[in-house]
Amino acid sequence: MPSDLPLSGITVVSVEQAVAAPYATRQLADLGARVIKVERPGGGDFARRYDRTVHGESSYFVWLNRSKESVTLDLKSEAGRRILGQLVDRADVFVQNLAPGAARRLGFGTAELRERYPSLIPCTITGYGGTGPWSDRKAYDLLVQCQTGLVSLTGGPEEPARVGISVADIAAGMYAYSGILTALFARATSGAVRPVEVSLFEALAEWMGQPANYTRFGGSQPPRVGTQHATIAPYGAYRCADGKDVLFSIQNEREWASLCERFLKDPALTDDPRFATGAERVVHREELNAIVARRFAELDSAGATRELDAAGIANAGVNDVAEFVAHPVLAERERWRDVTLPGRLAVPALVPPVDLAGVTPRMDPVPGVGEHTDAVLAELGYGAAEIGVLRSTGTV
């Protein structure tokens, strides 16, 4: 492991599964933290079995678990809990996203950890918070998308739709990551140890701030408008003569004037009272979309892109995932690096998006289930015979 990465010397023990906690800890590992991932003996993290698309490995697991060490422990056994305690005793951070109350029942709740390990930073990721009326309720990504109202904003007029990625999990993982970094900074600068707690619901609730304001003060929530923007117009995808869609956005009156003059070829629209302000353009969206759509229907997608570029209007083709993977920005900026799978095949993975000057993020192999168990137990002082007993009893 490189010793010049920003988090080298930091040890994280994580009893983690699925997406939110593994996403937080993978980002810590990217920056040099040692992440010891505790999994169930046998199957390990159930996210390993979400699919088998990456040379037999799960697309989720490969994305979320590079650069970690995998240790298997049966935490229902006294011996397994004792070993976890030994690992935590050497750690800077402990992360868990077990079912509600499970960590506390195992003796690894925040209160117990603070008493036994006063310098440890505990991080708990829950569904709906550690207190309150839903503290004992399980939560998964799509359930939280529904509870926050996100699903009611996504899709077309006829039917709502889930966001196509695990957005609640990702939000919670990002806030857990930033919270852990903040807690490490506070400990280093003031000596204060501040536990971190993030819930999926409240993480995604933060992202719902704009529609919450719009609904509370506007009297109704933003409508579902597919690839159009609910509160800005024109802002959306339009079909070109070659059958391809191009999306563009107008953010201000200068851009609106340029669109009218240089793309729509109708400067008089600039001051048309139906469209003269952003608010009026939203009110008269249907009429405006008809005008815009006629112009796009006259051009193929390449021609529409050229004319929008010439007018200084931000635009994009509506890519599918394969087109995203082959995107020239990712290729020319060298944003893909190989990561090794448990079977020792290498696959491309995206470099972390934050570039720190002089820092090359760590992108080490994805571990097999329990791949590092013997080595980590040896560090704790267990001999080969003792490890053999632990294996024979199913503790590891």
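Criteria and cut-off values
- Residues numbered from 1 in each chain as written.
- Predicted model: local features only at pLDDT ≥ 70, side-chain atom pairs only at ≥ 80, totals over all residues.
- Heavy atoms only, no water.
- Buried < 20%, exposed > 50% of the residue type's maximum accessible area, 1.4 Å probe, protein only.
- Helix = DSSP H or I, 4+ residues; strand = E, 2+ residues; numbered from the N terminus.
- Arc of directions from axis to C-beta.
- Contact = heavy atoms within 4.5 Å.
- Axes fitted to C-alpha atoms, helices over the stretch in contact; angles between N-to-C directions.
- Parallel < 35°, antiparallel > 145°, perpendicular 65-115°, else oblique.
- Nonpolar A, V, L, I, M, F, W, Y, C, P; charged D, E, K, R; others polar.
- Phe/Tyr/Trp six-rings, centres within 6.5 Å; stacked < 30°, edge-to-face > 60°.
- Lys NZ or Arg CZ within 6 Å of the ring centre and 35° of its normal.
- Disulfide = S-S within 2.5 Å.
- Pairing = 2+ DSSP bridges.
- Core = buried A, V, L, I, M, F, W, Y, C linked by side-chain atoms within 4.5 Å.

Right, let's talk about helix α9 (residues 200-207) for a bit. Of the residues making up α9, those classed as buried are L200, A203 and L204. End-on, the buried residues of α9 take up no more than an arc of 90°, which puts them together on one face. For α9, the elements touching its buried residues are α1 (20-30), β5 (121-126), α6 (141-147), α7 (150-153), α8 (167-190) and β8 (196-199).

If you want to describe how two helices pack, look at the angle between their axes and the distance between the axes. Contact geometry of α8 with α9 gives a least axis separation of 8 Å together with a crossing angle of 95°. As far as their axial angle goes, α9 and α8 are roughly perpendicular. On α9, the residues that touch V167, A168, D169, A171, A172 and Y175 of α8 are L200, A203, L204, E206 and W207. Here the contact of α8 with α9 is composed, by residue class, of nine nonpolar, no polar and two charged.

On to the packing of aromatic side chains, then. Evaluated as defined, the whole model comprises 11 aromatic pairs. Arranged with centres 6.0 Å apart and planes meeting at 55°, the rings of F46 and Y50 form a pair that is tilted. Plain terms: the ring middles of F94 and F108 are 6.1 Å apart, the flat faces sit at 35° to each other, and that makes the pair tilted. One end of the pair, F94, is in strand β4 (residues 93-96); the other, F108, is in the loop between α4 (102-106) and α5 (110-116), with 14 residues separating them in the sequence. There is no split in this pair, since F94 and F108 are both buried. Three or more aromatic residues link up through ring pairs in this structure, and these residues are Y238, F248, F263 and F296. The ring of W134 carries the charged tip of R137 above its face, separated from the ring centre by 3.9 Å. Here R295 stacks its cationic end above the ring of F263, 5.6 Å away from the centre of that ring.

Take the state of the cysteines next. Tallied over the full model, the rule gives zero disulfides. A disulfide-free cysteine, C240 has its sulfur positioned 18 Å from the sulfur of C260, the nearest such atom.

Attention now moves to the sheet that holds strand β11 (residues 315-317). Taking strand neighbours across the sheet as the criterion, the three strands line up as β9-β10-β11 in an open arrangement whose pairing is antiparallel. Looking at the sheet topology across the chains shown, the edges are occupied by β9 (235-239) and β11. Mean inter-strand twist for the sheet, computed between neighbouring axes without regard to direction, equals 25°. Taken together, the three bridges between strand β10 (residues 245-249) and β11 define a ladder with antiparallel strand orientation. Looking at β11, one finds that L247 is bridged to A316. Docked against the sheet, helix α14 (residues 301-310) engages β10 and β11, running at close to 15° with respect to β10.

A general trend in soluble globular proteins is that nonpolar side chains are found buried together. The biggest cluster of nonpolar side chains holds 36 residues, and the ones touching the most others in it are V12 and I125. Of all the secondary-structure elements, those providing two or more residues to this core are α1, β4, β5, α8, β8 and α9. Among the elements that make up this core, the one with the highest residue count is α8 (nine residues). In contact with V12, other than residues within four places in its own chain, are T25, L28, A33, R34, V35, I36, V93 and V95. Counting residues in each nonpolar core, the second largest holds 28 residues, with L73, V88, F94 and Y382 among its members.

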